[in-house]
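Structure at a glance
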Amino acid sequence: MSESSPKKTLYLIDGHAQFFRAYHAIRSGLSSPVTNEPTNMTFGFVGMLLKVLREYKPDYLAVVIDVSGDKESFRSQIYPEYKANREEPPSDLRPQIDRCLEILKQMHVPVLGVEGVEADDVIATVVRRLEKKHPELAIRIVSRDKDLSQLLSEHVQLFDVHKDVAVTAAEIFETPGLEPRHVQDVLTLMGDKVDNVPGIAGIGPKTAGQLMVQYGTIENLYAHIEEIKGKKRENLEKGKEGIAISRQLIALKCDVDVPFEVEEAKVEVQSLPVEELTETFRQLGFHRHQDELRAIVLGTNGQAAGEVEKSSAPGVSTAVKTVETKPARDDGFAESLFGGGVAESLPARAADSAGYECIKDRKALEKFIKEIRKAGFVAIDTETDGLEPVSANLCGVCMSVKTGTGVYVPTRSQEQTSHMDTATVMELLKPVLEDGKVRKIGHNLKFDMNVLRKHGAQVKGELFDTMIASYVVDSSRSSHGMDALALALLSYNCIPIDELIGKGAKQKGFDEVPLDRATCYAAEDADITLRLYDLLSKQVDVMRLRKLFEEVEMPLVSVLADMEFNGIKVDPDELDRQGEKLNAKITELKRTIAESSPVPFNPDSPKQLAAVLFNKPGDDPPGLGIKSLKRGKTGPSTDVEVLEKLASDPTVDSPLPAMIVEYRQMTKLVNTYLVALKDAINPVTKRVHAKFNQTVAATGRLSSSDPNLQNIPIRTDIGREIRRAFVAEEGKVLITADYSQIELRLLAHLSDDPALITAFEKGEDIHTAVAAQIFGVPAEQVTSGQRNSAKMVNFGIIYGITAFGLARRLGKDVTNEDAAKIIADYKKRFSRIDWFLDQCVQQAIQRGYVETILGRRRAVPQVHARNPQERALGERVAINSVVQGSAADLIKLAMINLHRELPAKFPEAKLVIQIHDELVYEAPKKKAEAVKEFVVDHMQKAMSLKVPLVVESAWSTNWIDAK
């Protein structure tokens, strides 16, 4: 290599440092839509890896990890207390590390690790060895670990890939003049609380750094100890005996036996196994990473990704050293549920087979209808030109009565003259669709039922929805979509809809897709639905969930289909009136905010707001000098929790935090509700047809979307006013019926607590009654503060409230100790409740899941976590899932019973909204009182409990007044 040639660069990634950074940088809760495994850390780590390849184009790349436990290295043998106080890592971290190692193996990135030493020692050995053997090589260690700053030199950098900067020892220790030669002594003096390295008491990184810049070495420091004054000298003299052991723990080993040559880590991105990695990313739900991977490879040599994959050369040329990674995993969900025999493997894509047919004429369709009647069932799906059933046009119907086969009956296409029209197809299909003797199988049947209803056919007969079956079997699965289930349970890749209609502005309608391609896609939908039915129907029985499925969840599909089809009328003029009022208030509030700020700023900018709140008056820009409460990724946090704390803090004399809270509330009302609601009004029906979803909330509750009616604010007067825009048709009214304190009533029933049951039986104010019990005073002497405390505990106990959480809710005058006593007194007075809560947790521990009053299951793996915080979360989930899930069971039963019985007596009464424990019906005004009584009666009789069910009901021409 000539001197003018650019240096080749080796990137050594500090594996576990990047694992932990990714884990904490990205919120938990992300999971694969296919395997259900946690993915937040995996997503972040892979993103970092792709960034290195894309932006820095390393010549060589390797990852170094710890393969010994915290107490299994040579340092723990020297000093048994080394890392002894470290908590166990979160239980969802280990499987993600395994998954990252699998991906690295797929990419042929070498992973280095040696038993008995730590990753830092392996890095140190590799760096020092390569400095001697390849002095022309530039080495970048991807880490900010202060220990590794010992290795910095002319050829070695410590590189923060997330901030795109190389960091020096002086920057890490915030000490000008500090050099890498000082680092070992700095670390020895300061010690390490995380790793339990003793160090010198009272000596932090800055002090240690300043001492080493001044004296050069620890030995020279002690030689001039008389120059050090006061407590610092006292601590140095007292800790001198421990210096030797601390230095031994801090020192990096540079002679580890690591079988590694740099050429083994050569990067050849044009030879990466694109299709294999893309499939892995698809399973994990990493859509962005798929595109990024292809762009990286394509940018190398201009080949298409498919052509790149054909290269036989390895992508990065070596395998894992001294670390065994697991083979590509089977889907854990499928294995646990189906005993390892997930399903017979399908061909790569069944659409390539001859089993799919396009039916274009009457004779062929009549023949297939005979096959349906003979089979007694049909898997059915619809293709449309939109996602709103009440307005979408039918493009075709796909059906199957035998796995491996499927038919597509087009009704709208670019080849319109080659097949039947919508009217003809529906005329032929209507009798069999409305035949109660033919079972209808579908995936998200609610959508198809409403599409077919709009086109003249009411789907009748026994229903089986494979999406609902998946949810009943495993409510915690992150996706119950057909493509995800097909991949997870059938090992089958469905044709992505994007392949047919594209994305974004260039997306076309399904009726523009050529018929041959449309047939493959549509018939596949029906075929895969039938295969999922065969599998999931058996699993519903195996798990003894058939009764819940057939008597609750499947009847509910028809209830929700009707409710969505009905929709509710929303007055756009009222939304505009409220919008005008709120925008005027927002304008005035912005003016007041500007007057209260030391400099003009944009209240919608968190960064500018943080500067105004937390900068000092003399800073640029000047601020109010308020002390920040917590930090986010980019600086001091200005989230609602911080702002509310500042607003209630008597030491903060500025009204700005409170005004920003109010400003955010009002702008959210305008943008999220008033504007979104008006946009959601269907131009034909003049009503909002929101979706109500059965398969989203793991507790069994329904959720709402497009728009989310369940999130309309009700805690503030301004928020509640939005309900005024929801109105009844002329001559009709809205009837609301809301279960009173349903979760507390269920808690009384499930726990069989005599004191709580008695209070409900007597019809007492439950919060006053509980306060009287807790504080040991007569009910008439309960103060408002005591009642408020009892109310907070009553509602909080279901969610596993802590003393800290209760103290925060009750305000600044209540300490954690006060709150702890309130909770302890509560549990003492209502001992059966405490017993019941413990039973919920024990069931989760023993069975791995908890059950609601109707037998609905929810898996709670967190209760087995070694991490205390995660385990505590699991315990709260176990309790909440039983109580809240039982409340969901109750409201669903009430909805089903009313759906079955209300039409016979009041055919014009229609369910239009469900909001957790509340139902809203629309009915003729002259029948309002009778309908109200009928609804209340059936809701109160929906379930027989040990305490009375109470329903509060009212009616009016709009929603807000029907309360």
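Everything quoted here is computed from the prediction, not taken from an experiment.

Rules used throughout
Residues numbered from 1 in each chain as written. Predicted model: local features only at pLDDT ≥ 70, side-chain atom pairs only at ≥ 80, totals over all residues. Heavy atoms only, no water. Helix = DSSP H or I, 4+ residues; strand = E, 2+ residues; numbered from the N terminus. Rg over C-alpha atoms; globule rule 2.2 N^0.38 Å. Buried < 20%, exposed > 50% of the residue type's maximum accessible area, 1.4 Å probe, protein only. Contact = heavy atoms within 4.5 Å. Areas by Shrake-Rupley, 256 points an atom, 1.4 Å probe, with all protein chains shown as cover. Lys, Arg positive; Asp, Glu negative; His and termini not counted. Charge placed at Lys NZ, Arg CZ, Asp CG, Glu CD. Core = buried A, V, L, I, M, F, W, Y, C linked by side-chain atoms within 4.5 Å. pLDDT = per-residue confidence, 0-100. Salt bridge = Lys/Arg side-chain N within 4 Å of Asp/Glu carboxyl O. Pairing = 2+ DSSP bridges. Axes fitted to C-alpha atoms, helices over the stretch in contact; angles between N-to-C directions. Arc of directions from axis to C-beta. Polar contact = N/O pair within 3.5 Å; in protein donor to acceptor, adjacent residues only side chain to side chain. Phe/Tyr/Trp six-rings, centres within 6.5 Å; stacked < 30°, edge-to-face > 60°. Lys NZ or Arg CZ within 6 Å of the ring centre and 35° of its normal. Left-handed = near helix turned anticlockwise from the far one by under 90°. Nonpolar A, V, L, I, M, F, W, Y, C, P; charged D, E, K, R; others polar. Parallel < 35°, antiparallel > 145°, perpendicular 65-115°, else oblique.

1. Considerations on the overall build of the chain
A tally of regular secondary structure across the chain gives 37 helices and 23 strands. Over its C-alpha trace the chain gives a radius of gyration of 33 Å, about what one expects of a compact globule, namely 30 Å for 963 residues. If one aligns the C-alpha atoms of the chain with their principal axes, the spans along those axes are about 100 × 80 × 55 Å. Here the chain, with 963 residues, has 53% of them falling under the buried criterion. Considering only contacts within the chain whose residues lie at least 6 apart along the sequence, 70% involve residues at least 24 apart. For the chain, the computed accessible surface area is about 43,400 Å², with 50% contributed by carbon and sulfur atoms. Averaging the positions of the 124 positive and the 139 negative side-chain charges in the chain gives two centres separated by 3 Å.

2. Let's talk about the nonpolar core
In this structure, Leu365, Met399, Phe726, Tyr739, Met895, Ile913 and Met939 are the most contacted members of the largest nonpolar core, which totals 188 residues. Among the elements that take part in this core, helix 36 (residues 868-905) stands out by supplying 14 residues, more than any other. Contacts of Ile913, omitting those with residues within four sequence positions, involve Met563, Ile568, Phe692, Leu709, Phe726, Glu918, Leu919, Val920 and Trp959. Counting residues in hydrophobic clusters, the runner-up holds 57 residues, among them Leu112, Val114, Phe260 and Ala265.

3. Examining the confidence of the model for the chain
Confidence along the chain averages 87 in pLDDT terms, with 92% of residues attaining 70 or more. Between residues 300-352, whose pLDDT stays under 50, and residues either more than four places distant or in other chains, the model counts 134 contacts.

4. Looking at the environment of Gln283
Secondary-structure assignment places Gln283 in helix 12 (residues 274-284). A sequence separation of 370 residues divides Gln283 from Asp653, and the C-alpha atoms of the two residues are 53 Å apart. If near-sequence neighbours (up to four positions away) are discounted, Gln283 is found in contact with Ser32, Pro33, Val34, Thr35, Arg99 and Leu487.

5. Regarding the pattern of salt bridges
In this structure the tally under the stated criterion is 59 salt bridges. In this structure, the salt-bridge partner of Glu388 is Lys691, at a minimum N-O distance of 3.4 Å. Of this pair, Glu388 sits in the loop between strand 8 (377-384) and strand 9 (394-400) while Lys691 is found in strand 15 (residues 691-693), placing the two residues 303 residues apart along the sequence. With a closest N to O distance of 2.9 Å, Arg856 and Asp889 form a salt bridge. Taken as a pair, Arg856 in the loop between strand 19 (849-851) and strand 20 (857-859) and Asp889 in helix 36 lie far apart in primary sequence, 33 residues in all. No difference in accessibility class separates Arg856 from Asp889, as the two residues are buried.

6. What to know about the sheet that holds strand 13 (residues 568-570)
Spatial ordering of the open sheet is given by 14-13-17, a layout of 3 strands whose pairing is antiparallel. One side of each edge strand has no neighbouring strand; the edge strands of this open sheet are strand 14 (687-688) and strand 17 (726-727). Sheet analysis places strand 13 next to strand 14, joined by 2 bridges and oriented antiparallel. Across the sheet, the residue bridging to Lys569 is Arg687, located in strand 14.

7. Structural notes on the environment of Ala379
Along the chain, Ala379 falls in strand 8. Counting along the chain gives 280 residues from Ala379 to Arg99, while the straight-line C-alpha distance between them is 36 Å. In this view, Ala379 contacts Cys398, Met399, Ser400, Ile441, Ala526, Thr529 and Leu530; residues no more than four positions away in its chain are not counted.

8. Brief notes about unusual backbone geometry
The omega angle of the peptide bond from Asp620 to Pro621 is 0°, so this bond is cis rather than trans. Mapped onto the elements of the fold, Pro621 is located in the loop between helix 25 (606-614) and helix 26 (640-648). With omega at -5°, the peptide bond leading from Asp706 into Pro707 counts as cis. In this fold, Pro707 is placed in the loop between strand 16 (703-705) and helix 28 (717-720). A positive phi angle, close to 70°, is found at Asn36, a residue other than glycine. Its location among the elements puts Asn36 in the loop between helix 1 (15-25) and helix 2 (40-56). We note that Glu174 has phi near 50°; this positive angle belongs to a residue other than glycine. The residue Glu174 is located in the loop between helix 6 (169-172) and helix 7 (180-190) in this model.

9. Brief notes about the sheet that holds strand 21 (residues 910-915)
An order of 21-22-18-23 is seen for the 4 strands of this open sheet, with the pairing classed as antiparallel. Sheet topology places strand 21 and strand 23 (951-956) at the edges, where each strand pairs with a single neighbour. Across this sheet, the average inter-strand angle for adjacent strands is 20°, counted without regard to direction. Strand direction decides the pairing type here: strand 18 (residues 732-739) and strand 22 (residues 918-924), joined by 7 bridges, are antiparallel. Within the sheet, the bridge partner assigned to Thr736 lies in strand 22 and is Val920. In the packing of helix 37 (residues 928-940) onto the sheet, the strands contacted are strand 18, strand 22 and strand 23, and the crossing angle to strand 23 comes to about 160°.

10. What to know about helix 30 (residues 754-761)
Considered for burial, the residues of helix 30 that qualify are Leu756, Ile757, Ala759 and Phe760. The arc that holds every buried residue of helix 30, seen down its axis, measures 160°, which confines them to one face. Facing away from the buried side of helix 30 by over 90 degrees, the exposed positions are Pro754 and Glu761. Contacts made by the buried residues of helix 30 are with helix 29 (742-751), helix 31 (766-775) and helix 35 (831-847). Sitting at the head of helix 30, Asp753 places a side-chain oxygen 3.2 Å from the backbone nitrogen of Ala755.

11. Some points on the packing of aromatic side chains
Evaluated as defined, the whole model comprises 13 aromatic pairs. Seen in terms of ring centroids, Phe464 and Phe549 are 4.7 Å apart; in terms of plane orientation they differ by 50°. Their pairing is tilted. On the criterion of sequence distance, the pair formed by Phe464 in strand 12 (residues 463-465) and Phe549 in helix 23 (residues 546-566) is long-range, its members being 85 residues apart. Residue class for Phe464 comes out buried when judged on its relative accessible area of 2%. Residue Phe549 is classed as buried on the basis of its relative accessible area, which comes to 1%. Through pairs of rings, three or more aromatic residues link up here, namely Tyr11, Tyr56 and Phe159. Directly above the ring of Phe159 sits Arg140, whose terminal nitrogen or CZ lies 3.9 Å from the centroid.

12. Looking at the packing of helix 23 against helix 36
It is at 9 Å that the axes of helix 23 and helix 36 come closest, and there the two elements cross at 65°. The handedness of the crossing between helix 23 and helix 36 is left-handed. On the side of helix 23, the interface is formed by Glu551, Val552, Glu553, Pro555, Leu556, Ser558, Val559, Leu560, Asp562 and Met563, while helix 36 contributes Lys892, Leu893, Met895, Ile896 and His899. By residue class, the composition of the contact of helix 23 with helix 36 is 9 nonpolar, 2 polar and 4 charged.

13. Looking at the packing of helix 16 (residues 362-375) against helix 17 (residues 422-433)
For any two helices packed against each other, one specifies the crossing angle of their axes together with the interaxial distance. It is the contact of helix 16 with helix 17, at a shortest axis distance of 10 Å, that shows an interaxial angle of 15°. If you check the angle between helix 16 and helix 17, you find them roughly parallel. Between helix 16 and helix 17 the crossing geometry is right-handed. Here Arg362, Leu365, Glu366, Ile369, Ile372 and Arg373 of helix 16 lie close against helix 17, whose contacting residues are Thr424, Val425, Glu427, Leu428, Leu429, Pro431 and Val432.

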